[in-house]
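As a plain string of letters, each chain reads:
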Amino acid sequence: MRNASDQNNISYKNERNKQERVYVGGSGASDMGFDDRDVQVADELAKEYLAVTRLSTGKSKSIKLVDTYMSGLENTDVDKVKSVMDRKAVDDDSINTLVKIFETYNENGIQYTLEYTTAEGREASPKELDAVSQALYSKTADKAGVKKGYVVPVRGTIMLTYDGQTSPYEMDMDIICYEKDGEWYLGGTVDNGTDTTESAE
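The text that follows walks through the structure, step by step, so that each part is easy to find.

Cut-offs used in this document
Residues numbered from 1 in each chain as written. Predicted model: local features only at pLDDT ≥ 70, side-chain atom pairs only at ≥ 80, totals over all residues. Heavy atoms only, no water. Helix = DSSP H or I, 4+ residues; strand = E, 2+ residues; numbered from the N terminus. Buried < 20%, exposed > 50% of the residue type's maximum accessible area, 1.4 Å probe, protein only. Lys, Arg positive; Asp, Glu negative; His and termini not counted. Salt bridge = Lys/Arg side-chain N within 4 Å of Asp/Glu carboxyl O. Contact = heavy atoms within 4.5 Å. Phe/Tyr/Trp six-rings, centres within 6.5 Å; stacked < 30°, edge-to-face > 60°. Pairing = 2+ DSSP bridges.

### Structural notes on the side chain of aspartate 86
Next up, step 1: Examined against the element boundaries, aspartate 86 turns out to sit in the loop between helix H3 (78-83) and helix H4 (92-107).
Next up, step 2: An unpaired buried charge is present at aspartate 86: no salt bridge exists, and lysine 180, the closest side chain of opposite charge, is 4.8 Å distant.
Next up, step 3: For aspartate 86, the residues in contact, after removing those within four places along its chain, are Tyr137, Tyr178, Lys180 and Tyr185.

Here you go:
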């Protein structure tokens, strides 16, 4: 090891055995007494940690996107629905259709309520990423820059009340969110049977 007087040195005193160890900032594996196997194991553990961290981050961001999207639907808030999507890929026809549906509800006095839960999700498969990329950007995931995604299962009930009559509609869909250029977006619903994706509207 280097001399303990080096400025980058950090001394650590083990109170139990009264031994003092010196860890040198910027030291290589040879300085620390690591062999090649130690370095390989450390590298594998670091990669595993980063993979889990990225997945956890994607999960939390995807659930937030889904919650915002569902809140927008429940409150007939088109701007909130659009806020979770990549503005460069928003389907204006789908948004206009959604606006007309909301307007129809309001004009006819139809009360609209939504109750839902999100189940444990999973990392999106390469086929699902390609499907959402083709649907939104007309490109493969690799060419569109879609690096990873997360699928969030949503289960619930839509209640439509009109003239004193309430009609429930069961809701069962898997929503895919994805990361592109460092930002996370809601992409649509996943058809588990065919691995195709369509707009969530």
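### Looking at the pattern of salt bridges
Close approach of charged atoms allows side chains of opposite charge to pair.
Next up, step 1: Following the criterion strictly, the structure yields six salt bridges and no others.
Next up, step 2: Glutamate 120 serves as the salt-bridge partner of lysine 59, at 2.9 Å between the closest nitrogen and oxygen. On the criterion of sequence distance, the pair formed by lysine 59 in helix H2 (residues 36-74) and glutamate 120 in the loop between strand E3 (111-118) and strand E4 (122-123) is long-range, its members being 61 residues apart.
Next up, step 3: The partner of aspartate 174 in a salt bridge is arginine 155, and the shortest N-O contact between them spans 3.2 Å. Of this pair, aspartate 174 sits in strand E6 (residues 165-180) while arginine 155 sits in strand E5 (residues 146-162); the two residues are 19 residues apart in sequence, bridging distant segments of the chain.

### A word on the packing of aromatic side chains
Next up, step 1: Scanning the model with the defined rule gives three aromatic pairs in all.
Next up, step 2: Taken together, a centroid distance of 6.3 Å and an interplanar angle of 85° make the contact between tyrosine 137 and tyrosine 178 edge-to-face. Residue tyrosine 137 is found in helix H5 (residues 126-137), and its partner tyrosine 178 is found in strand E6; the two are separated by 41 residues along the sequence. Pair check on accessibility: tyrosine 137 and tyrosine 178 agree, each one buried.

### A look at the environment of glycine 109
Next up, step 1: Within the secondary structure, glycine 109 is located in the loop between H4 and E3.
Next up, step 2: The class of glycine 109 is partly exposed, set by a relative accessible area of 46%.
Next up, step 3: Sequence separation between glycine 109 and aspartate 163 is 54 residues; the distance between their C-alpha atoms is 8.1 Å.

### Remarks on the pairing of strand E7 (residues 183-191)
Next up, step 1: Counting buried residues in E7 gives seven out of nine residues, a clear majority hidden from the surface.
Next up, step 2: Both E6 and E7 contribute to a ladder of seven bridges, which runs antiparallel. Following the sheet pairing, lysine 180 is matched in E7 by glutamate 183.

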